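# Coordinate analysis (summary)
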Amino acid sequence: MNLFFCSCFFFMIIFSTSSAYDPLDPNGNITLKWDIMSWTADGYVATVTMNNFQIYRHIQNPGWTLGWAWAKKEVIWSMVGAQTTEQGDCSKFKGNVPHCCKKIPTVVDLLPGVPYNQQFSNCCKGGVVGAWGQDPSSAVSQFQVSVGLAGTTNKTVKLPKNFTLLGPGPGYSCGPAKIVPSTVFLTTDKRRKTQALMTWNVTCTYSQFLARKHPSCCVSFSSFYNDTITPCPSCACGCENKKSCVKADSKILTKKGLNTPRKDNAPLLQCTHHMCPVRVHWHVKTNYKDYWRVKIAITNFNYRMNHTLWTLAVQHPNLNNVTQVFSFDYKSVAPYGSINDTGMFFGTKFYNDLLMEAGPSGNVQSEVLLQKDEKTFTFKQGWAFPRKVYFNGDECMLPPPDAYPFLPNSARGNLASLWTLSLTVLLVVFISSL
């Protein structure tokens, strides 16, 4: 009995620690850095920087939401580049009223186009933060906060606790704030270094298990050597929305405001057998002497969601020798150095970096030309199809291996063997009857 409980406990530990681990991006995380830039009469002014160090997972509309709990009775006097969603009860203050008096403030980014005096560097993007592997310059968000009723020295400041991050939905879990060496800044002329008075970091990691109980995308396969199309598995993303889905030819689709997102982000899906918001289709298109060509198509089935700065991460052994990607941008992802079997596809800026909502324009596609490696290349046993597929950082459900398109030669061989066996049996029966 004790052995059973120990085994269960060991399993739970492994599961809990591995649930936030991404094998294709083992070091990916979002780091929150608080830099105290100056002391005030009753607190400090800090610059808060959100760095997205995830290679292919970004934060899309409606953007990030950051929360924490104050250690003492701190208040936020003012903010630049962000705002709290609620002010709270500030009735005890006379004259100068704080921006927020809540014990657990909730902070969001400002929208683009706010007045210049409310802006801060890397702010005001509606909470959208790009993926590090896609564009490091867009993978950062910043704001400034003036905190009162707090400590005024490194020894009296109490670090906030219980950090939460929505990006934009659940999935992120944040560790405790930890004091680190003060950030060093370089002046614009690069001739002088300054440093923060105090710095602490908070690390947040993503887990698809925490984000949702079903996948958010699925994968289908086809090939030039087999007429059969391997579809996404049935109910690959759960069938909870089956009752509220909309058929592609429904008259409801002509109503105004249909594509407007709801506050609860509830999807409006097109009726399909897989009921996934997004489907990725991998088609083995052509076979040349030294090369082979694949067509990738991404289709959106959600009428209330378009995807800005979308990413598609794929694991396949022949991605170590990509010759040309025709309509997408491409970047190799090598999380383990010597193993180069993972790549990230994403839209070309101002061309197809926006995947529109479900409908005639709700798809993007590109062809990929790969050079063969004579030692490993084959069309047998589903080798030509990807091992893993991630859309916007979430792993997609693949079809079962026995459903992959098979080579006609093997089928014909099996069919010929069957005919040979049948003829032999008939011949034996015929001879025995004589």
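Structural notes, computed from the coordinates. (Residues numbered from 1 in each chain as written. Predicted model: local features only at pLDDT ≥ 70, side-chain atom pairs only at ≥ 80, totals over all residues. Heavy atoms only, no water.)

Our focus in this paragraph is the environment of threonine 342. Mapped onto the secondary structure, threonine 342 falls in strand β22 (residues 342-347). Taking the C-alpha atoms as reference, threonine 342 lies 9.0 Å from asparagine 318; in sequence the two are 24 residues apart. Not counting residues within four places of it along the chain, the set of residues in contact with threonine 342 comprises Leu24, Val314, Gln315, Leu319, Tyr330, Ser332 and Val333. Polar contacts involving the side chain of threonine 342 include one to the side chain of aspartate 341, which spans 3.1 Å. (Helix = DSSP H or I, 4+ residues; strand = E, 2+ residues; numbered from the N terminus. Contact = heavy atoms within 4.5 Å. Polar contact = N/O pair within 3.5 Å; in protein donor to acceptor, adjacent residues only side chain to side chain.)

Taken as a whole, this structure holds seven salt bridges when the rule is applied. In this structure, glutamate 240 and lysine 213 form a salt bridge, with 3.7 Å as the shortest nitrogen-oxygen distance. A residue pair is termed long-range when its members are at least 10 positions apart, and glutamate 240 in the loop between β15 (226-230) and β16 (278-287) and lysine 213 in the loop between α2 (208-211) and β14 (217-223) qualify at 27 residues. A salt bridge links lysine 285 to glutamate 367; the nearest nitrogen and oxygen atoms lie 2.3 Å apart. Of this pair, lysine 285 sits in strand β16 while glutamate 367 sits in strand β24 (residues 363-371), and the two are 82 residues apart along the sequence. On the accessibility criterion, lysine 285 (34% relative accessible area) is partly exposed. One network of salt bridges, with partners in common, ties together Lys285, Arg293 and Glu367. (Salt bridge = Lys/Arg side-chain N within 4 Å of Asp/Glu carboxyl O. Buried < 20%, exposed > 50% of the residue type's maximum accessible area, 1.4 Å probe, protein only.)

Moving on, we come to the state of the cysteines. Scanning all chains against the criterion turns up eight disulfides. Between the sulfur of cysteine 217 and that of cysteine 396 lies a disulfide, 2.0 Å long from S to S. Its torsion about the S-S bond being -95 degrees, the disulfide of cysteine 217 and cysteine 396 is classed as left-handed. Of the two residues, cysteine 217 sits in strand β14 while cysteine 396 sits in the loop between β26 (394-395) and α3 (408-433), which places them 179 residues apart along the sequence. Residue cysteine 217 is classed as buried on the basis of its relative accessible area, which comes to 0%. In this model cysteine 245 forms its disulfide with cysteine 271; the gap between the sulfur atoms is 2.0 Å. One quick way to see it: the torsion about the S-S bond of cysteine 245 and cysteine 271 is about 95 degrees, and its sign makes the bridge right-handed. With a gap of 26 residues between them, cysteine 245 in the loop between β15 and β16 and cysteine 271 in the loop between β15 and β16 connect regions that are remote in the sequence. Of all cysteine sulfurs, the one in cysteine 101 lies closest to cysteine 100, which takes part in no disulfide; the gap is 6.6 Å. (Disulfide = S-S within 2.5 Å.)

With antiparallel pairing, four strands are arranged side by side in an open sheet as β5-β6-β3-β8. Looking at the sheet topology across the chains shown, the edges are occupied by β5 (82-84) and β8 (161-166). Along the sheet, successive strands turn relative to each other by an average axial angle of 20 degrees, direction set aside. The sheet contact formed by β5 and strand β6 (residues 106-109) spans three bridges and is antiparallel. Bridging from a neighbouring strand, threonine 84 pairs with valine 107 of β6. (Pairing = 2+ DSSP bridges. Axes fitted to C-alpha atoms, helices over the stretch in contact; angles between N-to-C directions.)

So far we have only geometry, and geometry alone does not tell us how the molecule works.
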